[in-house]
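Examination of the molecular architecture
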Amino acid sequence: MTIPAELLQRLAAAKSVTVLTGAGVSAESGVPTFRDAQTGLWAKFSPEELATPRAFRRNPRLVWEWYEWRRKLVAEARPNPAHLALAEMEKFFPRFHLITQNVDGLHQRAGSRRVIELHGNIMRTKCFDEGTLVSSWEDTGDVPPKCPACGGWLRPDVVWFEEPMPEAEMEQAATASATCDVFFSIGTSTVVYPAAALPSEALRSGAALVEINPQPTPFTAQAHFALAGAAGVVLPELMMALNALRRSRRVTTFDGPRP
Ligand code: OAD
């Protein structure tokens, strides 16, 4: 795929870049997305039965075991070229924020440092009653295991439907979306709010919206640049083009006025 020259110019002038990622960025690591037909998690399972507090109260063993299955799958997954390209992109701009809806921790394993996890992290565990993080517990054979402090159930430290978003992370994400020169929306169907409101926030503040997704989304028509391709293909190409531009301009970090 050819990266549009105008996009490269915008990036060369950008002081601040914000990226929002969804499950599509981890698809090439073998981690299922949620809404892709046939292969998506919600095509095979029901979010109401697995990803809500009510579902957990109704059948804690089922929910715990489903997350254990996902945790194992994520632990065996490796960051793919999309994650690695985003870790490299972080070093290009004076201000860079990576907001992710993903709970797999693959951005951090790829080397990204400034990651805002909107939906938590499946590798962390917390007490269902107290909300405190729990790093170790006695294996009593209970499923789910019990909180060592209060005896309540343990659960994954992820945001379920009908649960509030983490306030600090949402605050950071909203600010990063409202103050950037270029906003990338990568590998997300942008249908789950409030994360799906972030591209609108960026557009309202005058940022250039870049979408990377093999399928159209509700934001494709509003994107300044809609790159219809896999993140693991497009992002490395984008970084190659940015590196070539930097070499040609002998620019160490991009600088210049807000477009
Ligand atoms: P979805 O499964 O809704 O959307 C995945 C998007 O990635 C789709 O638009 C695909 O077209 C696209 N895609 C697939 N393969 C890709 C690739 N190789 N490169 C780029 N894009 C690709 O996942 P999310 O948008 O992340 O929340 O879903 C948002 C939230 O809904 C999740 O965080 C989760 C889910 O329910 C909760 O469970 C609370």
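What comes next concerns the included structure. (Residues numbered from 1 in each chain as written. Predicted model: local features only at pLDDT ≥ 70, side-chain atom pairs only at ≥ 80, totals over all residues. Heavy atoms only, no water.)

Some remarks on the site of the ligand
The environment of the ligand is made up of 23 residues, and the closest members are A23, F34, R35, T188 and S189. In this structure, N213 approaches the ligand through a side-chain N or O atom, which is 2.8 Å from an oxygen atom. In isolation the ligand offers 790 Å² of accessible surface; the protein chains occlude 92% of this area. (Near = heavy atom within 4 Å. Polar contact = N/O pair within 3.5 Å; in protein donor to acceptor, adjacent residues only side chain to side chain. Areas by Shrake-Rupley, 256 points an atom, 1.4 Å probe, with all protein chains shown as cover.)

What to know about the environment of P194
As for its placement among the helices and strands, P194 is situated in the loop between β6 (182-186) and α10 (198-204). Here P194 falls in the partly exposed class, since its relative accessible area comes to 30%. When the C-alpha atoms of P194 and R246 are compared, they prove to be 35 Å apart, with 52 residues separating the residues in sequence. What P194 contacts, discounting residues up to four positions off in sequence, is M165 and M170. (Helix = DSSP H or I, 4+ residues; strand = E, 2+ residues; numbered from the N terminus. Buried < 20%, exposed > 50% of the residue type's maximum accessible area, 1.4 Å probe, protein only. Contact = heavy atoms within 4.5 Å.)

Overview of the sheet that holds strand β1 (residues 16-21)
Spatially, six strands are ordered β3-β2-β1-β6-β7-β8 in an open sheet, and the strand pairing comes out parallel. Sheet topology places β3 (115-117) and β8 (225-227) at the edges, where each strand pairs with a single neighbour. Geometrically, the sheet is characterised by an average inter-axis angle of 15° between neighbouring strands, direction not taken into account. Bridging between β1 and β6 involves five bridges; their strand directions are parallel. Residue T18 lies in a different strand from β6, and its bridge partner there is F183. The strands touched by helix α1 (residues 5-13) within the sheet are β1, β6, β7 (208-212) and β8, with β8 carrying the most contacts at an inclination of about 115°. (Pairing = 2+ DSSP bridges. Axes fitted to C-alpha atoms, helices over the stretch in contact; angles between N-to-C directions.)

Digging into the pattern of salt bridges
Considering all chains together, one arrives at twelve salt bridges under this definition. When the shortest N-O distance is used, the salt bridge between E65 and R61 registers 3.1 Å. Within this pair, E65 and its partner R61 are both found in helix α6 (residues 60-76), separated by four residues, close to a single helical turn. Overall, the relative accessible area of 42% leaves R61 in the partly exposed class. Between K72 and E76 there is a salt bridge, with the nearest N and O atoms lying 2.8 Å from each other. Note that K72 and E76 are positioned in helix α6 at a spacing of four residues, about one turn of the helix. Grouping residues by exposure puts K72 and E76 together as exposed. What emerges from the salt-bridge pattern is a single network uniting E117, R124, K126 and D157. (Salt bridge = Lys/Arg side-chain N within 4 Å of Asp/Glu carboxyl O.)

Notes on the nonpolar core
Counting residues in each nonpolar core, the largest one holds 34 residues, and the members touching the most others are V17, M89, F184, L235 and L238. Elements represented by at least two residues in this core include exactly α1, β1, α7 (81-89), β2 (95-100), β6, β7, β8 and α11 (231-249). Sorting elements by how many residues they give to this core places α11 first, with eight residues. One finds L41, F56, I122 and W160 within the second-largest nonpolar core, a separate group that totals 18 residues. (Core = buried A, V, L, I, M, F, W, Y, C linked by side-chain atoms within 4.5 Å.)

Here we look at the side chain of H97
Considering the arrangement of structural elements, one finds H97 in strand β2. Aside from chain neighbours lying at most four places away, what touches H97 is V17, T18, V19, R114, I116 and A176.

Quick notes on the pairing of strand β5 (residues 154-158)
Buried residues dominate β5, accounting for five of its five residues. Across five bridges, the pairing between strand β4 (residues 120-127) and β5 is antiparallel. Residue pairing in the sheet places T125 in a bridge with P156 of β5.

Focus on the packing of α7 against α11
The geometry of α7 relative to α11 is characterised by a closest axis approach of 7 Å and an angle of 30° between their N-to-C directions. With respect to their mutual orientation, α7 and α11 come out roughly parallel. In this structure, α7 meets α11 at a crossing whose hand is left-handed. The segment α7 lies against α11, with P81, A82, A85, L86, E88 and M89 engaging A231, G232, L235, P236, L238, M239 and N243. For the contact of α7 with α11, the class distribution of residues is ten nonpolar, two polar and one charged. (Parallel < 35°, antiparallel > 145°, perpendicular 65-115°, else oblique. Left-handed = near helix turned anticlockwise from the far one by under 90°. Nonpolar A, V, L, I, M, F, W, Y, C, P; charged D, E, K, R; others polar.)

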